[in-house]
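So the chains spell out like this:
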Amino acid sequence: MDTIIILDFGSQYTQLIARKIREQHVYCEIHPFNKIPTLGSDVKGVVFSGSPFSCNAPDAPVPNMTNIKGKLPLLAVCYGAQYLAKWGGGRVQQSKIREYGRANLNYIDNNNPLMKGVPMGSQVWMSHGDTIEILPENYKVICSTENVQYAGYKIEGEETYAIQFHPEVHHSVDGNTLLRNFVVDICCCQQSWTPESFIETTVKELREKVGGDKVVLGLSGGVDSTVAAVLLNRAIGHQLHCIFVDNGLLRKNEFENVLESYKDMGLNVKGVDAKNRFYEVLAGVKDPEKKRKAIGKTFIDVFDAEAKLITDAKWLGQGTIYPDVIESSSVKGPSQTIKSHHNVGGLPDYMKLKLVEPLRSLFKDEVRGVGRQLGIKDELIGRHPFPGPGLAIRILSDVTPEKVHILQEVDHIFIQGLRNAGLYDKVWQAGAMLLPVQSVGVMGDERTYESVVALRAVESVDGMTADWSHLPYDFLAKISNEIINRVKGVNRVCYDISSKPPATIEWE
Ligand code: XMP
């Protein structure tokens, strides 16, 4: 597969470059600038990302370009462009005028292959504190804006291109054209990276890797584990043994419904009812992190016991996806934001299983594309994210089966309501919280003293930041009414209007 290597200098936009290149159906990989992989014949070009550093800073990132510059087509973005200019003997200085936000190209060298099809006046997105003041002699300007003369350049005699703006950001209106020009025309990559080709090569690789061994995989009802399972199933059929644990903290009827649809998909899956075990370990536990730990540990115990029943299992299948892989080897080190969320991922060493992670090169939207191609129903593919510890972190304070029941009913009314109103796919995630608070109400002629629930719906891209969804008042009124009328034990409904940060999506 033709491949582009993106060297990451720590820019917030690096993943976006990768996603935009993959949208051109060209495969690419991100590597830290100081861990350059061996560049085989499949590597057709290299991209340098931006960086929060100034190239004049004493600790600025310095890549080893021995096997890259002049040997492979290179596109240097922002920091990359400044670094190369300085490296060639030019001058980079702190910019005197603001070079942040939208700008328009007022000079374009349309004979340059990178700029082909980019119209005069094209809007680009600038985001840099430094600027190139003097360009080395054999560097030729290929585009400019009013304030930035050297917005882009090419080094003569080699396929090295650089731009100070960010083509990957959607405010750069012709950014996709420019990236296409680079990967397709300059690097000559075949545009063959598609869900179909991914499935074909992965199935082949999985067969080679796993051979006749058995694989165990924990299903969660989520998109990633489901797609990983269906892909493995296509490769090795009934050598794949799936385990789906009911921890008693799932949505209403979720266990039964999802188990049924897994069976429809032809998966070899065992449903394990461990509800009471989870309720027992959670009894009286109020601290959110202690709840997470107790649930994580119990899951491992249950899973381990089930996995042992599958004699001679050699592999553990997991739905790890690319952002997790990049995070854990990133320039900046593992990000704080991953925190204890990935509690279901790590299984203890004593299980002695080798890992097989068929989705580790895919972004979330690509996982969905592959899932659709594999024939998984849209209803499953388009599901909102749901946390591993489930409703336990939406029941503030201690968890009891009765509270779970109340919250399942409330959540069901809310989620079904969103579906019926055509709003489900417009929000990124939604759910309800049961608060450890009682309030006074009246029903008929009677005074009530019952629980408060909070509804939460958010817009987000990756869950790292989020804004509350501006759901229609009429819709909220209807849902609130339905909840209070139908769910015994609840007499008040609130809607959470906090964004993340400073709040988080889950309340615990
Ligand atoms: P927060 O609450 O941190 O949530 O804003 C961000 C995203 O992560 C999910 N989440 C979890 N997922 N185990 C998980 O598997 C957890 O412990 C956990 N806590 C939060 C949350 O649902 C949201 O999508």
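Residues numbered from 1 in each chain as written. Predicted model: local features only at pLDDT ≥ 70, side-chain atom pairs only at ≥ 80, totals over all residues. Heavy atoms only, no water.

Visitor: Got a sec to walk through the overall build of the protein chain? Specific residues and values, please.
Guide: Along the backbone of the protein chain there are 13 helices and 20 strands. The dimensions of the protein chain, computed from C-alpha atoms along their principal axes, are 85 × 60 × 40 Å. Within the protein chain, contacts between residues at least 6 apart in sequence are counted, and of these 74% link residues at least 24 apart. As displayed, the protein chain offers around 23,500 Å² of accessible surface, 50% of which is attributable to carbon and sulfur atoms. In the protein chain, 56 positive and 61 negative side-chain charges are present, and the distance between their average locations comes to 2 Å. (Helix = DSSP H or I, 4+ residues; strand = E, 2+ residues; numbered from the N terminus. Contact = heavy atoms within 4.5 Å. Areas by Shrake-Rupley, 256 points an atom, 1.4 Å probe, with all protein chains shown as cover. Lys, Arg positive; Asp, Glu negative; His and termini not counted. Charge placed at Lys NZ, Arg CZ, Asp CG, Glu CD.)

Visitor: Summarise the site of the ligand; cite the residues concerned and give the values.
Guide: Within the structure, the ligand sits among 16 residues, and Arg292, Gln429, Lys500, Ile505 and Glu506 are positioned closest to it. Glycine 388 is positioned with one of its backbone polar atoms (N or O) 2.9 Å from an oxygen atom of the ligand. Measuring from an oxygen atom of the ligand, one finds a side-chain N or O atom of lysine 500 at 2.7 Å. Alone, the ligand offers 500 Å² of accessible surface; in the complex the protein occludes 87% of this. (Near = heavy atom within 4 Å. Polar contact = N/O pair within 3.5 Å; in protein donor to acceptor, adjacent residues only side chain to side chain.)

Visitor: Go over the pattern of salt bridges with me, naming the residues and quoting the values.
Guide: Scanning the entire structure with this criterion turns up 25 salt bridges. In this structure, glutamate 158 and lysine 69 form a salt bridge, with 3.1 Å as the shortest nitrogen-oxygen distance. Here glutamate 158, found in the loop between β10 (152-155) and β11 (160-163), pairs with lysine 69, found in the loop between β3 (43-48) and β4 (74-77); they are 89 residues apart in sequence, far enough to count as distant. On the accessibility criterion, glutamate 158 (15% relative accessible area) is buried. (Salt bridge = Lys/Arg side-chain N within 4 Å of Asp/Glu carboxyl O. Buried < 20%, exposed > 50% of the residue type's maximum accessible area, 1.4 Å probe, protein only.)

Visitor: Kindly report on the nonpolar core, identifying the contributing residues and their values.
Guide: Core analysis: the largest hydrophobic core is formed by 49 residues, its most contacted members being Val410, Phe414, Leu418, Leu455, Leu471 and Ile483. For this core, the leading source of residues is helix α12 (residues 401-420), giving 8 residues. In terms of nonpolar packing, the next biggest core, distinct from the first, is built from 40 residues, Val223, Val269, Leu359 and Ile376 among them. (Core = buried A, V, L, I, M, F, W, Y, C linked by side-chain atoms within 4.5 Å.)

Visitor: Which residues make up helix α7 (residues 275-282), and what values go with them?
Guide: One full turn of an α-helix is made of 3.6 residues, so residues set three or four places apart face in the same direction. Residues of α7 that are buried include every one of Phe278, Tyr279 and Leu282, and no others. Buried residues in α7, looked at end-on, bunch into an arc of 100 degrees, giving them a common side. The exposed set on the far side of α7, more than 90 degrees from its buried face, consists of Asn276 and Glu280. Where α7 is buried, its residues contact β13 (240-246), α8 (288-308) and α12. (Arc of directions from axis to C-beta.)

Visitor: Report on unusual backbone geometry, specifying residues and quantitative values.
Guide: Glycine aside, a negative phi is what most residues show, and trans is what most peptide bonds show. In this chain, lysine 500 is followed by proline 501 through a cis amide linkage whose omega measures -15 degrees. Of note, proline 501 is situated in the segment after β20 (490-495). A cis amide bond links proline 501 to the next residue, proline 502, at an omega of 5 degrees. Tracing the chain through its elements places proline 502 in the segment after β20. Look at cysteine 188: it is not a glycine, yet its phi comes out positive at around 60 degrees. Mapped onto the elements of the fold, cysteine 188 is located in the loop between α3 (175-186) and α4 (195-210). Of note in the backbone geometry, asparagine 253 takes a positive phi value of approximately 60 degrees without being a glycine. Within the secondary structure, asparagine 253 sits in the loop between β13 and α6 (254-264).

Visitor: Account for the confidence of the model for the protein chain, with residues named and values stated.
Guide: Per-chain confidence: the protein chain averages 94 in pLDDT, with 96% of residues scoring 70 or above. Below pLDDT 50 for its whole length, residues 334-345 participates in 14 contacts with residues either more than four positions away or in separate chains. (pLDDT = per-residue confidence, 0-100.)

Visitor: Explain the packing of aromatic side chains to me, using residue names and the numbers behind them.
Guide: What describes a pair of aromatic rings is the distance from one ring centre to the other and the angle between the planes of the rings. Tallied over the full model, the rule gives 13 aromatic pairs. A centroid spacing of 5.0 Å and a plane angle of 35 degrees characterise the contact between tyrosine 139 and tyrosine 153, whose relative ring orientation is tilted. In this pair, tyrosine 139 is assigned in strand β9 (residues 139-145) and tyrosine 153 in strand β10, connecting sequence segments 14 residues apart. Tyrosine 139 sits in the buried class, given a relative accessible area of 7%. (Phe/Tyr/Trp six-rings, centres within 6.5 Å; stacked < 30°, edge-to-face > 60°.)

Visitor: Residues and numbers for the sheet that holds β10, please.
Guide: On the basis of which strands lie adjacent, the open sheet formed by 9 strands has the order β2-β1-β3-β4-β11-β10-β9-β6-β7 and mixed pairing. Here the strands that pair on one side only, and so sit at the sheet edges, are β2 (27-32) and β7 (123-127). For this sheet, the mean inter-axis angle between neighbouring strands, taken without regard to orientation, is 30 degrees. Docked against the sheet, helix α1 (residues 14-23) engages β1 (3-8), β2 and β3, running at close to 165 degrees with respect to β2. (Pairing = 2+ DSSP bridges. Axes fitted to C-alpha atoms, helices over the stretch in contact; angles between N-to-C directions.)

Visitor: How would you summarise the packing of α7 against α8 if you had to cite specific residues and measurements?
Guide: Two elements in contact, α7 and α8, have axes whose closest approach is 10 Å; the angle formed by their N-to-C orientations is 145 degrees. Our pair here, α7 against α8, has a crossing hand that is right-handed. On α8, the residues that touch Arg277, Phe278, Val281 and Leu282 of α7 are Lys291, Ala294, Ile295, Thr298, Phe299, Asp301 and Val302. A class-by-class count of the residues in the contact of α7 with α8 yields 7 nonpolar, 1 polar and 3 charged. (Left-handed = near helix turned anticlockwise from the far one by under 90°. Nonpolar A, V, L, I, M, F, W, Y, C, P; charged D, E, K, R; others polar.)

Visitor: Tell me about the environment of leucine 353, residues and numbers included.
Guide: Residue placement: leucine 353 occurs in the loop between α9 (322-328) and β16 (354-356). In this structure leucine 353 comes out as partly exposed when scored by relative accessible area, which is 22%. Along the sequence, leucine 353 and lysine 314 sit 39 residues apart, while their C-alpha atoms lie 5.3 Å from each other. Among all residues touching leucine 353, those that are not within four sequence positions of it are Ala313, Lys314, Trp315 and Leu316.

Visitor: Explain α6 to me, and be specific about the residues and the numbers.
Guide: Taken residue by residue, α6 has Glu254, Phe255, Val258, Leu259, Ser261 and Tyr262 as its buried positions. Buried residues in α6, looked at end-on, bunch into an arc of 165 degrees, giving them a common side. Here the buried face of α6 lies against β12 (214-219), α5 (223-236), β13, β14 (269-273) and α11 (378-381). A positive phi of about 85 degrees marks glycine 266, the residue just after α6.

Visitor: If you had to explain the side chain of aspartate 109 to someone new, which residues and values would you point to?
Guide: For aspartate 109, the location among the structural elements is in the loop between β6 (100-108) and β7. Residue classification places aspartate 109 among the buried residues on the basis of a relative accessible area of 9%. If we ignore the near neighbours within four places in the chain, the residues touching aspartate 109 are Met115, Lys140, Val141 and Ile142.

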